[in-house]
Amino acid sequence: TRTAVGIVGGGPAGLMLAHLLSLSGIDSVVVEVRSRTEIEQTHRAGILEQDSVRLLTETGVSDRVLREGFRHEGIELAFGGASHRIDFEALVGATAQLYPQTDVFTDLADARERDGGDVRFGVADVAVHDLTGEPRITFTDAEGRAQEVCCQVLVGCDGSRSLCRRAVPEGERRQFFREYPFAWFGILCEAPPSAPELVYHHSDRGFALISQRTESLQRMYFQCDPADDPESFSDDRIWEELQSRVGANGHTLRQGPITSRSVLPFRSFVQEPVRHGNLLLAGDAAHTVPPTGAKGLNLALADVRVLAEELERALGRQDLGLLDAYGERALARVWKAQHFSYWMTTMLHRLPDASDFDVRRQEGELAGLVGSTAGSTYLAEGYTGWPTSRA
Ligand code: DHB
């Protein structure tokens with residue numbers, strides 16, 4: 001098969017890129033090792049920035065995001081025994097939308113199917129070749145046949161364990177990363193919401209985040225050890241961990257059967273440059289953020305929005321040198337989001353060796369933030385999303 005843009009990875013980044021390219025009349029082929037069902041059964045984050053919602057609605061991917069999602073005009077920060085609201089709408093005139101990544105994926109996969117897009121789920125043995133010349137993707141398709149896709153440009157949207165990222169020679173890339181000595185224990189439970197908006201809790205026992213999904217299904221997280229085995233926690237212990245953290249700030253959770261549980265790793269990571277010859281990296285393949293700022297999916301969508309514009313320009317003029325503009329535009333946002341995610345994370349979590357001083361200092365930071373219009377506005381801007389740089 002020949003195509004203009006070969007895309008490795010059929011998650012939200014890869015499918016949104018294919019969708020945007022098709023709107024500009026540019027052909028692509030997407031290959032993905034997981035099956036569609038497998039991706040749809042993985043629980044991921046739930047918060048969309050205002051521009052992510054706009055991208056989904058204005059390009060004809062989803063109106064379900066507005067019908068079934070929930071508009072959140074703010075969040076609560078709870079610490080030192082009380083809750084404080086950050087009012088996004090009042091501070092920056094923007095909102096966030098609660099709509100799970102799994103649904104974003106389903107909407108994108110449906111849109112590709114509706115528009116006759118070439119997406120190969122469930123492939124194996126993916127390899128990429130000739131990245132500085134005429135790139136190729138080889139793989140075994142779902143029926144076990146060897147396949148090859150030849151393309152002008154190859155885009156790696158293959159997530160945090162990216163093989164495309166590793167195809168860049170060591171001498172030509174830099175990796176920036178930071179690990180954290182904690183993780184999140186995430187659950188889904190069948191219960192009514194405990195609060196109308198997201199509540200981020202700082203407490204002596206550590207962090208907790210109370211999120212929602214629907215009127216009858218809730219998503220909650222609490223800080224745990226990265227080595228914790230989710231199956232070794234009894235339901236009672238999970239509720240004890242959650243209730244004790246939110247209880248310290250005067251909240252009580254409505255409990256119900258726990259239907260899913262997992263431990264989510266924490267990492268900050270960027271690989272630069274995001275271009276190597278005719279290979280480009282986008283989304284988690286190029287960078288990972290810890291989940292606290294709800295930035296991962298939004299950054300991936302912002303990347304491919306910029307990338308689609310730059311690909312249209314470069315392929316239109318048959319000048320692939322123009323693709324350098326992608327990295328310049330995308331990385332500016334990536335590093336702002338890296339800082340925002342790091343900042344939210346370190347402000348709200350308890351380090352394993354935290355002293356009483358450290359905990360009180362964090363409470364001082366949070367009090368300074370919620371008591372300051374300037375501080376709260378920075379949080380509101382970052383959370384609802386910065387504008388995308390202009391072409
Ligand atoms: C959710 C996940 C996040 O990482 C976050 O910051 C906010 C919400 C969620 O799954 O609902």
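Residues numbered from 1 in each chain as written. Predicted model: local features only at pLDDT ≥ 70, side-chain atom pairs only at ≥ 80, totals over all residues.

**Brief notes about the overall build of the protein**
When helices and strands are counted, the protein shows 12 helices and 21 strands. Computed over its C-alpha atoms, the radius of gyration of the protein comes to 21 Å, within 12% of the 21 Å expected for a compact globule of 391 residues. The dimensions of the protein, computed from C-alpha atoms along their principal axes, are 60 × 45 × 40 Å. Buried residues in the protein amount to 45% of all 391 residues. Long-range contacts, defined here as pairs at least 24 residues apart, represent 73% of the contacts in the protein between residues at least 6 apart. (Helix = DSSP H or I, 4+ residues; strand = E, 2+ residues; numbered from the N terminus. Rg over C-alpha atoms; globule rule 2.2 N^0.38 Å. Buried ≥ 20, exposed ≤ 12 C-beta atoms within 10 Å, placed from the backbone. Contact = placed C-beta atoms within 7 Å.)

**Section: the nonpolar core**
One finds I7, L17, V155, L280, A282, V304 and L307 to be the most contacted residues of the largest nonpolar core, which totals 103 residues. It is helix α9 (residues 296–316) that contributes the most residues to this core, 11 residues altogether. Counting the residues that make up this core, at least three belong to each of domain 1 (2–68 + 96–178 + 267–348) and domain 2 (183–264). Filtering out sequence-adjacent residues up to four positions away, L280 remains in contact with V153, V155, V274, R275, L307, L323 and Y326. (Core = buried A, V, L, I, M, F, W, Y, C linked by C-beta atoms within 7 Å. Domains from an automatic or database assignment.)

**Focus: the pairing of strand β18 (residues 267–272)**
As paired strands, strand β12 (residues 174–179) and β18 are joined by six bridges and run antiparallel to one another. Looking at β18, one finds that R178 is bridged to S268. Where β18 lies against strand β21 (residues 287–288), two bridges are found, and the strand directions are antiparallel. The partner of V270 across the bridge, within β21, is H287. (Pairing = 2+ DSSP bridges.)

**Points about the site of the ligand**
By nearness alone, every residue bordering the ligand is listed as A45, G46, I47, L198, L209, S211, R219, P291, T292 and A294. Grouping the amino acids of the shell around the ligand by side-chain chemistry returns six nonpolar, three polar and one charged. Of the domains in this structure, domain 1 (2–68 + 96–178 + 267–348) and domain 2 (183–264) are the two that each give at least three residues to the shell around the ligand. (Near = placed C-beta within 6 Å. Nonpolar A, V, L, I, M, F, W, Y, C, P; charged D, E, K, R; others polar.)

**Quick look at the domain arrangement of the protein**
Taken domain by domain, the protein comprises domain 1 (2–68 + 96–178 + 267–348) and domain 2 (183–264). The C-alpha centroid of domain 2 is placed 30 Å from the C-alpha centroid of domain 1. Taken residue by residue, the interface counts six residues in domain 1 and 11 residues in domain 2. A per-class count over the side of domain 1 that touches domain 2 returns four nonpolar, two polar and no charged.

**Some words on the sheet that holds β12**
Spatially, three strands are ordered β12-β18-β21 in an open sheet, and the strand pairing comes out antiparallel. A single partner strand is all that each edge strand has here, and the edge strands are β12 and β21. Contacting β18 and β21, helix α10 (residues 324–348) crosses the sheet at an angle of about 165° to β18. (Axes fitted to C-alpha atoms, helices over the stretch in contact; angles between N-to-C directions.)

**Let's talk about α10**
Given a rise of 1.5 Å per residue, 25 residues ought to cover 36 Å, and the 37 Å separating the end C-alpha atoms of α10 matches this to within 8%. The sharpest bend along α10 measures roughly 25° and falls at L331. (Expected span 1.5 Å × (residues − 1). Bend = angle between axes of the 7 residues up to and from the residue.)

**Things to note about the pairing of strand β9 (residues 124–129)**
Walk down a regular strand and you will see the side chains alternate between the two sheet faces. When β9 meets strand β10 (residues 136–140), the two strands line up antiparallel, connected through four bridges. Note on β10: the bridge partner recorded for A127 is T138. Between the antiparallel neighbours β9 and β10 lie six residues, among them D130 with a positive phi of about 50°.

**Some remarks on unusual backbone geometry**
The phi angle of most residues is negative, glycine excepted, and most peptide bonds adopt the trans form. For the bond from E272 to P273, the omega torsion is -5°, close enough to zero to count as cis. Positive phi, close to 50°, is recorded for D130, a residue that is not glycine. Relative to the elements of secondary structure, D130 occurs in the loop between β9 and β10. Among the residues examined, D130 registers 13 C-beta atoms within 10 Å and is labelled partly exposed. At A294, a residue that is not glycine, the phi angle is positive and equals roughly 60°. Within the secondary structure, A294 is located in the loop between β21 and α9. Judged by the 25 C-beta atoms lying within 10 Å of it, A294 is buried.

**Points about the sheet that holds strand β3 (residues 47–48)**
If you walk across this open sheet you meet the three strands as β3-β7-β4, and the pairing is antiparallel. Since the sheet does not close on itself, it has two edges, and those belong to β3 and β4 (70–72), each with one partner. Bridge count for β3 against strand β7 (residues 96–98) is two bridges, and the pairing is antiparallel. Directly across from L48, in β7, lies its bridge partner Q97.

**Examining the packing of helix α1 (residues 12–23) against α9**
Between two packed helices, the angle of one axis relative to the other and the distance separating the axes together describe the packing. The contact between α1 and α9 brings their axes to 9 Å, and the two run at 30°. Looking at the two axes, α1 sits roughly parallel to α9. The handedness of the crossing between α1 and α9 is right-handed. On α9, the residues that touch P12, A13, M16, L17, L20 and L21 of α1 are L297, A300, L301, D303, V304, R305, L307, A308 and L311. Class assignment of the residues belonging to the contact of α1 with α9 gives a composition of 13 nonpolar, no polar and two charged. (Parallel < 35°, antiparallel > 145°, perpendicular 65-115°, else oblique. Left-handed = near helix turned anticlockwise from the far one by under 90°.)

**A word on the environment of V5**
You can see V5 is positioned in strand β1 (residues 2–8). Taking the C-beta count within 10 Å as the criterion, V5 has 24 such neighbours and is therefore assigned buried. Each C-alpha atom of the pair V5 and D27 lies 6.5 Å from the other, and the pair is 22 residues apart in sequence. With residues near it in sequence (within four places) discarded, V5 still touches L21, I26, S28, C151, V153, V155 and L311.

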